[in-house]
Amino acid sequence: MTAGLSIVVPLYNEAKGLASLHASLAEVARALTQTRGLRVEVVYVDDGSHDETFHIAQALPASALDVQIVSLSRNFGKEAALAAGLDHARFGAVLFMDGDGQHSPDLIARLVAYWLDEGYDVVYTAKAHRANEPLTRRLGGKLFYTLLNWGSRHKIPEDAGDFRLLSPRAATALRAMPERNRFFKGLASWIGFRQKRVDYEPGEREHGKTTFGLTSLFVLSIEGLTSFSVAPLRLASLLGVLLAATALLFGASMLFEVLFYGVAVPGYPSMVVGLMVLGGVQLVMIGVVGEYIGKILSEIKARPVYFVAEHSVKTAQERSADATRAAAE
Ligand code: UDP
Ligand code: MG
């Protein structure tokens, strides 16, 4: 059996750039088939787009590569779209890339080379630098990864993007993860195997605007953190210990002042401050615990991550023509 590559592209309102993206993917696929004998397919996951994405995708030619279109029943979010793509990929190795032009198809050959020539299982791209991002986003990212990796045996690399290639065995490992709350970047790193980092500069979005503003990034970070690590819970315990220690010291110092200097303890203000600090910290920590209970609830409900409304597969004409020719000869 010839080896193959499935390219998974999540699409949410990406009608404008889809045709040109498909043309360049077909180009890349043609080259890969010729130079390496790879069977290539693209899996477009239409994540409940409101524009023409689905119709345009259906009209795309399957010339050099197979075209699968998986249309979800509504907008489930990028992580769910990636999961849908992974489930439908048929050719062993899986490559994930965004459909907005930020992930350059030109890089695909390089990622494939690391997989086939050097035997890497997970080839992931990382932003070469983040100087062009706003400070809040960079600081937020730092904080997120510090918390995520805090005290964990396996460190998730910072700045890794969703543009990555998984070898067949890595893809199988990723499929074997049962969780519903998926933090894809983390999982792809967590599975281990031979991982390779490739630095690159993501392009500008070609049209439209990002669906991930500061708020949704914040929500996503909380999702990622709580579905992946217990660091926030540990932070809560640590904070509790710290507060208790402070209170102990404070109490001891007051006792000392009363006993040795006869100073009357100024009661009211310090009590109110103490109460408010304690009350606040407790509420926050109940919130943290609540996040985890929410996660447990959604895992227990075990709902499917997505529903497929429509699904189609078109086989590459060039390849089937080749096959007929080969069979005739
Ligand atoms: N996307 C998706 N579902 C969503 C939001 C985004 O499938 O609910 C897709 C989107 O079409 C694109 C990719 O995920 O192909 C990345 O989205 P975006 O460019 O908005 O994110 P950013 O590049 O800013 O991280
Ligand atoms: Mg983008």
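Above this text sits the structure in question.
Residues numbered from 1 in each chain as written. Chains lettered and ligands numbered in written order. Predicted model: local features only at pLDDT ≥ 70, side-chain atom pairs only at ≥ 80, totals over all residues. Heavy atoms only, no water.

Q: Explain the pattern of salt bridges to me, please; I cannot follow it from the model alone.
A: A pair can form between side chains of opposite charge whenever their charged atoms are brought close. Per the counting criterion, the structure on display carries 8 salt bridges. Its salt-bridge partner being arginine 90, residue aspartate 66 comes within 3.0 Å of it at the nearest N-O pair. Of this pair, aspartate 66 sits in strand β3 (residues 66–72) while arginine 90 sits in the loop between α3 (78–88) and β4 (92–96), and the two are 24 residues apart along the sequence. Of the residues examined, aspartate 66 reaches a relative accessible area of 2% and is grouped as buried. Given the relative accessible area of 41%, arginine 90 is considered partly exposed. Ionic pairing is found between arginine 197 and aspartate 199, a salt bridge with its closest N-O pair at 3.2 Å. Overlapping salt bridges bring together Glu41, Asp66 and Arg90 as one network. (Salt bridge = Lys/Arg side-chain N within 4 Å of Asp/Glu carboxyl O. Helix = DSSP H or I, 4+ residues; strand = E, 2+ residues; numbered from the N terminus. Buried < 20%, exposed > 50% of the residue type's maximum accessible area, 1.4 Å probe, protein only.)

Q: Explain the packing of aromatic side chains to me, please; I cannot follow it from the model alone.
A: Two numbers describe a pair of aromatic rings. These are the distance of the centres and the angle of the planes. Applying the stated criterion to the full structure yields 7 aromatic pairs. When the centroid spacing of 5.9 Å and the interplanar angle of 75° are considered together, the rings of phenylalanine 163 and tyrosine 200 count as edge-to-face. Placement of the pair is phenylalanine 163 in strand β6 (residues 160–166) and tyrosine 200 in strand β7 (residues 195–200), with a sequence separation of 37 residues. Neither phenylalanine 163 nor tyrosine 200 differs from the other in exposure class; each is buried. On the basis of an interplanar angle of 40° and a centroid distance of 4.9 Å, the ring pair of phenylalanine 256 and phenylalanine 260 is categorised as tilted. Here phenylalanine 256 and its partner phenylalanine 260 are both found in helix α9 (residues 231–261), 4 residues apart, which amounts to about one turn of the helix. Look at phenylalanine 256 and you get partly exposed, because its relative accessible area is 44%. Three or more aromatic residues joined by ring pairs make a cluster, and in this case those are Phe144, Tyr145 and Phe183. It is arginine 74 that lies over the ring of phenylalanine 76; its NZ or CZ is 4.0 Å from the centre. (Phe/Tyr/Trp six-rings, centres within 6.5 Å; stacked < 30°, edge-to-face > 60°. Lys NZ or Arg CZ within 6 Å of the ring centre and 35° of its normal.)

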